[in-house]
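Listed below, chain by chain, are the residues.
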Amino acid sequence: KEASTQKKIEKAAGCILQFVGHWAFIGGTIKERRRCKEYIGWLLQQMRSAVTIPDVSRRDDATEIHIPPNCKGWVTGNRGSELRRMENETGVYMFMALDAKGEERLIIFSHDPGSKVAPTGRMAAERLVNEMIQDKLRDDGGRGRSGSRSRS
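Residues numbered from 1 in each chain as written. Predicted model: local features only at pLDDT ≥ 70, side-chain atom pairs only at ≥ 80, totals over all residues. Heavy atoms only, no water.

*Asks:* Got a minute to help me understand the side chain of R105 in this structure?
*Replies:* The residue R105 is located in strand β5 (residues 104–109) in this model. Residue classification places R105 among the buried residues on the basis of a relative accessible area of 0%. One polar contact links the side chain of R105 to the main-chain carbonyl oxygen of I53, over a distance of 2.6 Å. There is a polar contact of 2.6 Å between the side chain of R105 and the side chain of E64. In this structure R105 touches I53, P54, D55, V56, E64, I65, H66, F95, M96, A97, L98 and D99, once residues within four positions along its chain are discounted. (Helix = DSSP H or I, 4+ residues; strand = E, 2+ residues; numbered from the N terminus. Buried < 20%, exposed > 50% of the residue type's maximum accessible area, 1.4 Å probe, protein only. Polar contact = N/O pair within 3.5 Å; in protein donor to acceptor, adjacent residues only side chain to side chain. Contact = heavy atoms within 4.5 Å.)

Structure, rendered in structure tokens:
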């Protein structure tokens, strides 16, 4: 995979991340290093079970998106392929996580908040996710749709 996960976490955290054997070396400010360590922890936790992040409201590196139940599979893609594609495109780290009530939502992490027009950062990723949700809702609205559809 050419260390794509390593690069993704490195970019989202805003630090330098290198692995030597079973050791991770993280370079950057204390805030960047802590963020990177937290991202790695969540990544490893995802391999075992669902991740619970009770509250992201006080974080300056997170954007939370509640996805309608009928859109979750469309937005995440097969085995997370759509999330990975959007991560690569925008330089963020994102995954589905449970909140304090046990409800699932998408959280987009990056030190870069982005902007309304920037191609990278949390706002760019949020735009892509919202476009996918709108596409799915629009497609589901027709119910008796034909095999072809126009993209506006």
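The discussion continues.
*Asks:* For this particular structure, what's the right way to read the nonpolar core?
*Replies:* Nonpolar side chains in soluble globular proteins tend to end up buried together. Y39, W42, I53, Y93, F95 and F109 are the most contacted members of the largest nonpolar core, which totals 19 residues. For this core, the elements supplying multiple residues, two or more each, are α1 (4–13), α2 (30–48), β4 (93–98) and β5. Looking at which element gives the most residues to this core, the answer is α2, with five residues. If near-sequence neighbours (up to four positions away) are discounted, Y93 is found in contact with K8, A12, Y39, W42, L43, Q46, E87, I107, I108 and F109. Counting 16 residues, the second-largest nonpolar core is a separate cluster that includes C71, V92, M94 and I108. (Core = buried A, V, L, I, M, F, W, Y, C linked by side-chain atoms within 4.5 Å.)

*Asks:* I'm lost on the pairing of strand β1 (residues 16–20) in this one. Help?
*Replies:* Regular strands show a simple pattern: their side chains alternate between the two faces of the sheet. In terms of strand pairing, β1 meets strand β2 (residues 23–27) through five bridges, oriented antiparallel. By the bridge assignment, I16 is partnered in β2 with G27. (Pairing = 2+ DSSP bridges.)

*Asks:* Got a minute to help me understand α1 in this structure?
*Replies:* Structurally, the α-helix is built with 3.6 residues per turn, so residues lying three or four positions apart point the same way. Taken together, the buried positions of α1 are Q6, K8, I9, E10, A12 and A13. Buried-residue contacts for α1 involve β1, α2, α4 (81–90), β4 and β5. Positive backbone phi, approximately 75 degrees, marks G14, located one or two places after α1.

*Asks:* In this structure, what is going on with the layout of surface pockets? I would like to understand it.
*Replies:* Think of a ball as big as a water molecule: rolled over the atoms, this probe shows where empty space is left. Counted as a void, the largest pocket has a volume near 440 Å³. Around the largest pocket sit 21 residues that line it, and T5, Q6, I9, L43 and M47 are the ones nearest its centre. Looking at the lining of the largest pocket, the elements with two or more residues in it are α1, β1, α2, α4 and β4. In terms of residue class, the lining of the largest pocket is built from twelve nonpolar, four polar and five charged. (1 Å grid on protein atoms, 1.4 Å probe; cavity = no way out; pocket = protein on both sides within 12 Å on 5 of 7 lines; lining within 4 Å. Points joined across faces, edges and corners; volume = space filled by probe spheres on them. Nonpolar A, V, L, I, M, F, W, Y, C, P; charged D, E, K, R; others polar.)

*Asks:* Is there a simple way to think about the state of the cysteines in this case?
*Replies:* By definition, a disulfide links the sulfur atoms of two cysteine residues through a covalent bond. Counting across every chain of the model gives zero disulfides. Just so you know, C15 is unpaired, no disulfide at all, and the nearest cysteine sulfur is the one on C36, 3.5 Å from it. Judged by relative accessible area, which is 9%, C15 ranks as buried. (Disulfide = S-S within 2.5 Å.)

*Asks:* Would you mind going over the confidence of the model for the protein with me for this structure?
*Replies:* Regions with low pLDDT carry predicted coordinates that are not meant to be interpreted in detail. Averaged over every residue, the pLDDT of the protein is 92; residues scoring 70 or more account for 92%. Here residues 144–152 is modelled with pLDDT under 50, and outside its nearest four sequence neighbours on either side it reaches four contacts, counting other chains as well. (pLDDT = per-residue confidence, 0-100.)

*Asks:* In this structure, what is going on with unusual backbone geometry? I would like to understand it.
*Replies:* Apart from glycine, the bulk of residues carry a negative phi angle, and the bulk of peptide bonds sit in the trans form. Although it is not a glycine, R79 adopts a positive phi angle of roughly 55 degrees. Here R79 lies in the loop between α3 (72–76) and α4.

*Asks:* Would you mind going over the environment of R85 with me for this structure?
*Replies:* With respect to the element layout, R85 can be found in helix α4. R85 sits in the partly exposed class, given a relative accessible area of 35%. For R85, the side chain forms a polar contact with the side chain of E82, separated by 2.9 Å.

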